[in-house]
Amino acid sequence: MDVNTAAKKPVMLSGIKPSGELTLGSYVGAIRNWAERADDYDCYYFMADLHAITVRQKPADLRRRTIEQLAQYIACGLDPEKNTLFIQSHVHEHAELGWVLNCYAMFGELSRMTQFKDKSAKNAENINGGLFTYPSLMAADILLYQPDYVPVGEDQKQHVELTRDIANRFNGVYGETFKIPQSFVPKIGARVMSLVDPTRKMSKSEDEDPGRIILMDKPEDIMRRFKRAVTDSEAEVRYDPEKKPGISNLMTIYAAATGRSFAEIEAEFAGHGYGDFKTKVGEAVVELLRPIREKTEEILKDKAYLESVYTDGARRAQYIARKTLDKVYRKVGFVRH
Ligand code: TYM
């Protein structure tokens, strides 16, 4: 792709941490909404490996998951010819701009980030500086590419808001430098919950969430997990996230998988028991994920292809990232050479 021509389209960018296996939540909350837009937008999607190490990772697992995640992006419909797919650590401008933006992110605002509060409660033995300053690195990831839209699930909206605040602050001091991006959150599936605890977000880590569905789950595992999904003591398929979080989550998943509305789903299952409903949701998810799993397995066999995709992706990404970083370095007063 010619980056000069592509740059004229509106820009879209997003990333996912390879800190665990991609889940049904990662797919419906994020990736699925990226895949359809390649013709109308200039799109950048990356594996956020720098972000992953804010929580301890086994090096071999992190390496494997990063490559698997790239294969999954492609299997989910992100054509590397039309989308720039890359590994965050290959474009060192992310870390560099991350440092600069750290100096424009306030202690108070970083302290208020919900994800920081959650993660520090869960990792009390490892509340490291990276976990705390993570949002300024995320702001750098975004602002380097001057995107119009950042498609994310509900939980990342707060970080995109902070990115806007940091960008406005920087622009206020140095003049127009960064475009102010908007988050783009899907109407259905922005927050897929755990099947065992529907008051908590479905998470990539097995330890944190035994009720997760991962993209590589086999059909029998998916069916088993749906059959065991926590519901309630009524017997009515009705959307009410407050009183019926389990059923409402299953309805959301079913809506995301089939395109049906909540009213249609309520009508379809009126008078049926939960057992029947869970089976139908499980079957819909099996069919939703089957092509992704099969295609991922296929793509993973070709390591040379994957290497060529991330090498080319890093080159294209860096071309844009370099321009923004140069501008920032000049504005803050660094001597250029
Ligand atoms: P991460 O890796 O936790 O999640 C990746 C994307 O998936 C969405 N998501 C969900 N959506 C619905 N239901 C769920 N259960 C669910 N779980 C995850 C997330 O909202 C997210 O869109 N900090 C980011 C990664 C990142 C990034 C960026 C994103 C780093 N730099 C720049 C956008 C732009 C994160 O931890 O997402």
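Further up the page is the structure itself.
Residues numbered from 1 in each chain as written. Predicted model: local features only at pLDDT ≥ 70, side-chain atom pairs only at ≥ 80, totals over all residues. Heavy atoms only, no water.

Draft legend 1. Just the pattern of salt bridges, in detail. In this structure the tally under the stated criterion is 24 salt bridges. Residues D232 and K244 are paired through a salt bridge, measuring 3.3 Å at the closest nitrogen-oxygen approach. Within this pair, whereas D232 is found in the loop between α10 (219–227) and α11 (245–258), its partner K244 is found in the loop between α10 and α11, the two being separated by 12 residues in sequence. You can call K244 buried: its relative accessible area is 1%. One connected set of salt bridges, linked through shared partners, spans D232, E234, E236, R238, D240 and K244. (Salt bridge = Lys/Arg side-chain N within 4 Å of Asp/Glu carboxyl O. Helix = DSSP H or I, 4+ residues; strand = E, 2+ residues; numbered from the N terminus. Buried < 20%, exposed > 50% of the residue type's maximum accessible area, 1.4 Å probe, protein only.)

Draft legend 2. Examining the site of the ligand more closely. Of all residues adjacent to the ligand, which total 28 residues, the nearest are K17, Y134, D141, D155 and K204. Between V192 and the ligand, the recorded distance is 2.8 Å, taken from a backbone N or O atom to a nitrogen atom. Between an oxygen atom of the ligand and a side-chain N or O atom of K204, the distance comes to 2.7 Å. Notes on the ligand: free accessible area 700 Å², of which the protein chains cover 98%. (Near = heavy atom within 4 Å. Polar contact = N/O pair within 3.5 Å; in protein donor to acceptor, adjacent residues only side chain to side chain. Areas by Shrake-Rupley, 256 points an atom, 1.4 Å probe, with all protein chains shown as cover.)

Draft legend 3. The arrangement of the environment of G189 in detail. By the element assignment, G189 lies in the loop between β5 (182–184) and α10. Judged by its relative accessible area of 5%, G189 falls in the buried class. Between the C-alpha atom of G189 and that of L24, which follows or precedes it by 165 residues, the distance is 9.4 Å. In contact with G189, not counting residues within four places along its chain, are V28, G29 and T252. (Contact = heavy atoms within 4.5 Å.)

Draft legend 4. Structural view of the packing of aromatic side chains. According to the stated counting rule, one finds 18 aromatic pairs in the structure shown. Their ring planes at 10° and their centres at 4.0 Å tell us that Y239 and F262 sit as a pair that is stacked. Of this pair, Y239 sits in the loop between α10 and α11 while F262 is found in helix α12 (residues 262–268), placing the two residues 23 residues apart along the sequence. Members of the aromatic cluster, each reached through a chain of ring pairs, are Y44, F46, F86 and Y145. (Phe/Tyr/Trp six-rings, centres within 6.5 Å; stacked < 30°, edge-to-face > 60°.)

Draft legend 5. Here's a closer look at the side chain of S203. Here S203 lies in the loop between β5 and α10. For S203, the contacting residues outside a window of four places in its chain are T23, E208, D209 and R212.

Draft legend 6. Representation of the environment of S194 within the structure. Here S194 lies in the loop between β5 and α10. Distance in space between the C-alpha atoms of S194 and R224 is 14 Å, their sequence separation being 30 residues. Not counting the four nearest positions on each side in its chain, S194 is found in contact with R200, K201, M202, D209, G211 and N249. There is a polar contact of 3.1 Å between the side chain of S194 and the backbone nitrogen of V196. Reaching out from S194, the side chain makes a polar contact with the backbone nitrogen of D197 at a distance of 3.2 Å.

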